[in-house]
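Now for the letters of each chain:
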Number of protein chains: 2
Amino acid sequence: MNASLLDDLLRGVAIETPPRGLAGKLKESEKEKRSLIVKLGFDPTAPDLHLGHAVVLRKMRQFQDAGHKLVIIIGDFTARIGDPTGRNKTRPPLSPETIKQNALTYLDQLSKVLDMSREKLKVCFNDDWLGAMTFRDVIGLLAKATVAQLLQREDFSKRYNEGTAIGMHEMLYPLMQGYDSIEINADIEMGGTDQLFNCLVGRALQEAEGKSGQIVLSMPLLVGLDGKEKMSKSYNNYIGLTEPPHDMYGKAMSIPDTLLPMYLELATTLTAQEIARLKEDLAADKVNPMDVKKLVAANIVTQYHDEKSAEEAAQYFYNQFQNKADEEKSYEPFAAAQIYEGAQELALLDLCARLCPQESKSQLRRLIAASAVSVDGEKLTDPAALIKPPVDKEIHFRIGKRGFYAIIS
Amino acid sequence: MNASLLDDLLRGVAIETPPRGLAGKLKESEKEKRSLIVKLGFDPTAPDLHLGHAVVLRKMRQFQDAGHKLVIIIGDFTARIGDPTGRNKTRPPLSPETIKQNALTYLDQLSKVLDMSREKLKVCFNDDWLGAMTFRDVIGLLAKATVAQLLQREDFSKRYNEGTAIGMHEMLYPLMQGYDSIEINADIEMGGTDQLFNCLVGRALQEAEGKSGQIVLSMPLLVGLDGKEKMSKSYNNYIGLTEPPHDMYGKAMSIPDTLLPMYLELATTLTAQEIARLKEDLAADKVNPMDVKKLVAANIVTQYHDEKSAEEAAQYFYNQFQNKADEEKSYEPFAAAQIYEGAQELALLDLCARLCPQESKSQLRRLIAASAVSVDGEKLTDPAALIKPPVDKEIHFRIGKRGFYAIIS
């Protein structure tokens, strides 16, 4: 087994259960000359993927690239049931058509990260096996878990201790997800650290069936743009995988400085060495966080679109940002009466010379020619353009990078 | 509605849920001109019925006699599964043949208490509906209960708090039993007070289905012959419904005095007035508990056999008891050499005269003729029977009620 491959595959992983389990599975794969089966479950009620999901998906892609196979399980069994209590209006049963449509949208998004070729990826619907189970089968499944084990799940134990109702059917969901692992003979299940419990149920059920248990790799949860909660659609703190380049770049530029090391690690394709160096530089204040952010933003747009889109997005962002900066700039005020003294109107070059007496006319002419002079946000390149004094308003001039002037009527 | 009928039906009932529920159901029955459906579940793994079961059965018989219908549910669904964890060796899955055989044995025992006519009693097997349920149906069923509700069951909460494992499948059993109530449209479920929880689950499930919930009547638990635990085969403190008259009578005579009021109330067919009077007399020491016990024993044997068997059993018990009493009696010892002085053998009458010189020979002759004289437990009626002196042993004589003599070699 290739030790550096193992290092690569474990890079960024938060929890490996059991410890050294992956090394064991890779050896098994080599010995038995077979690909490992990596499980990925998908709830077809929420098909919008974001960078938080991509943390796990990108790790899976690494496994695909190392020759292993991904099995995607569309959880249509529960989606078709919806909320059996009927209390949860946001979880109505989905029709087979909606599920299929959501699955297609999902696969389309996955294609931004994963290798979708048939030998590297298989798609299943778990209604195929869960829908075929009888009450008797369910009892057999439930006999493999105890109430106390399931109540250990963090949200369950919290609700139980708070006295908030836990429907008996909710206790089935981890078991169903676990049963999927038995059905597809999963070698590896991956998820966010918040999915660890469910993944471990799958391992326990496989072992209760006398099979070799899947190993579980938990990836850290990416914190969202708010810098507080995990990235999630419901917190509106996310960057979606299918967002246009401009939006993606702009959102990436709003990543809080403190999260830059996390985003470098979990959201970029930079090498381990590059990431290590940037993290060091950030920690030592040897680099402007804004510059690192530009790097991260460009890298993200390149991953989900392409390099050209990333460049354009950067330019677009710069312009937007610049305009925005302009708006927020304090303009040096001049009275129209003073500047226009004795004139009904003035040529742009003359106006600039009056606002900016420290600059030579030839320098001003060059700035105008280089589009570095704008009036009320509009770049003017004709030095002879005539400009009238403002009536009941201000005119904003920008001359070069640092000259901001307002003529007030 | 007949108020005295209501009183009769509620007589001996420990818990009625909801309060006044039975009056409501009886009114409904009158108004809709239909019989009420009384549910009786049976676990086909344990077909030995005893007086403890009969407490509930006799109450059901009252409902049959009032025109209502009993639906017996043979719980073959779980019996066919056995213990799905495989840990409990005493609960192997039962074959359909064994279940049928157990059901027949059960029905045979029921016939000792219930009206088995077709219009008064129906038998169902719950595998017919539970066995047909899919995983989806199970989820719908489980959604109607919460974890906390089920953990309220006394044995569950005890085990949970002690940290003893509760298999998830065990939590299903109350729900399955409850589902049976939906299926047969039960109006009334009856059971011991230890079954109250399961019965209430049935009521809750019916209501969750938008149906009228069954009312629950809990009968007190009959304490067994040990005076401590509830009557149960596993404590070996029971009187079986099919035991022979002699055993039944003998066991009944071992009921602890303190339990006589309970047995009068829960195990006899005496009228409310008779029971009230006997309880008062017992409390006031106006009656010998042994005499009340004879009454209870005879009543029980009469119920499960007949009056003649009860009389014979009483006689048999009396003889056994008397013999036993004899054995425990202290015998007045005489040396053989002294009694037989000068004789090789003696006629019974002469021997009695020598042992009992205070009695006249004519009185002794009468006692012998009345079978009131026995030698070593054997009644002898021939006054001329020759009796040799004992060699290396004792001979025990009983003469009349109070004369106990031993001739020692």
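What you are looking at is a predicted structure, and each value in this text was computed from that prediction instead of being measured.

Analysis parameters
Residues numbered from 1 in each chain as written. Chains lettered and ligands numbered in written order. Predicted model: local features only at pLDDT ≥ 70, side-chain atom pairs only at ≥ 80, totals over all residues. Heavy atoms only, no water. Helix = DSSP H or I, 4+ residues; strand = E, 2+ residues; numbered from the N terminus. Buried < 20%, exposed > 50% of the residue type's maximum accessible area, 1.4 Å probe, protein only. Contact = heavy atoms within 4.5 Å. Areas by Shrake-Rupley, 256 points an atom, 1.4 Å probe, with all protein chains shown as cover. Lys, Arg positive; Asp, Glu negative; His and termini not counted. Charge placed at Lys NZ, Arg CZ, Asp CG, Glu CD. Phe/Tyr/Trp six-rings, centres within 6.5 Å; stacked < 30°, edge-to-face > 60°. Least-squares fit on C-alpha atoms with pLDDT ≥ 70 in both. Salt bridge = Lys/Arg side-chain N within 4 Å of Asp/Glu carboxyl O.

Describing the overall build of chain A
For step 1, the next point in the chain: Looking only at helices and strands, one finds 19 helices and 13 strands in chain A.
For step 2, the next point in the chain: Here chain A, with 409 residues, has 45% of them falling under the buried criterion.
For step 3, the next point in the chain: The long-range share in chain A, meaning contacts at least 24 apart out of those at least 6 apart in sequence, stands at 68%.
For step 4, the next point in the chain: As displayed, chain A has an accessible area near 20,300 Å², and 49% of this comes from carbon and sulfur atoms.
For step 5, the next point in the chain: Charged side chains of chain A number 50 positive and 57 negative; the gap between the two group centres comes to 3 Å.

Here's the deal with helix 2 (residues 21–31) of chain A
All names here are of chain A.
For step 1, the next point in the chain: Among the residues of helix 2, Gly21, Leu22, Ala23, Lys25, Leu26 and Ser29 are the ones counted as buried.
For step 2, the next point in the chain: For helix 2, the secondary structure elements touched by its buried residues are helix 1 (3–10), strand 1 (15–17), helix 3 (51–65), strand 5 (188–192) and strand 6 (215–219).
For step 3, the next point in the chain: Residue lysine 33 follows helix 2 closely and has a positive phi angle near 50°.

What to know about the packing of aromatic side chains
All names here are of chain A.
For step 1, the next point in the chain: Applying the stated criterion to the full structure yields 11 aromatic pairs over all chains.
For step 2, the next point in the chain: Note on tyrosine 331 and phenylalanine 404: the rings are 5.6 Å apart at their centroids and 85° apart in plane angle, and the pair reads as edge-to-face. On the criterion of sequence distance, the pair formed by tyrosine 331 in the loop between helix 16 (307–328) and strand 7 (332–335) and phenylalanine 404 in strand 13 (residues 403–408) is long-range, its members being 73 residues apart.
For step 3, the next point in the chain: What makes phenylalanine 404 buried here is its relative accessible area of 8%.

Regarding the relation of the copies chain A and chain B
For step 1, the next point in the chain: Expressed as a screw operation, the relation of chain A to chain B combines 0.2 Å of axial shift with a rotation of 180°, fitting to an RMSD of 0.5 Å. Those values place the two copies in the arrangement expected of a two-fold rotation axis. Of every C-alpha in chain A, the one belonging to A:Thr134 sits nearest the axis of rotation, 2.4 Å from it.
For step 2, the next point in the chain: Of the interface residues in chain A, 100% have counterparts in chain B that sit at the interface too, so the contact is made through matching surfaces.

Considering the pattern of salt bridges
Residue and element names in this part refer to chain A.
For step 1, the next point in the chain: Summed over the entire model, instances satisfying the criterion amount to 50 salt bridges over all chains.
For step 2, the next point in the chain: Arginine 80 is paired through a salt bridge with aspartate 127; the nearest N and O atoms lie 3.6 Å apart. Within this pair, whereas arginine 80 is found in helix 4 (residues 76–81), its partner aspartate 127 is found in helix 6 (residues 127–130), the two being separated by 47 residues in sequence.
For step 3, the next point in the chain: Accessibility expressed as a relative area gives 14% for aspartate 127, which makes it buried.
For step 4, the next point in the chain: Between lysine 120 and aspartate 115 there is a salt bridge, with its nearest N and O atoms 3.7 Å apart.
For step 5, the next point in the chain: Looking at aspartate 115, the relative accessible area reads 18%, which means it is buried.
For step 6, the next point in the chain: Via salt bridges that share partners, Lys25, Glu28, Glu32, Arg34 and Asp187 belong to a single interconnected network.

Observations regarding unusual backbone geometry
Trans peptide bonds make up most of the peptide bonds, and negative phi angles are found at most residues other than glycine.
For step 1, the next point in the chain: Residue A:Pro18 is reached from A:Thr17 by a cis peptide bond, and omega for that bond is -5°.
For step 2, the next point in the chain: Structurally, A:Pro18 can be placed in the loop between strand 1 and helix 2.
For step 3, the next point in the chain: Phi angles above zero are rare outside glycine, and B:Asn185 is one such case at about 55°.
For step 4, the next point in the chain: Here B:Asn185 is to be found in the loop between helix 10 (172–184) and strand 5 (188–192).

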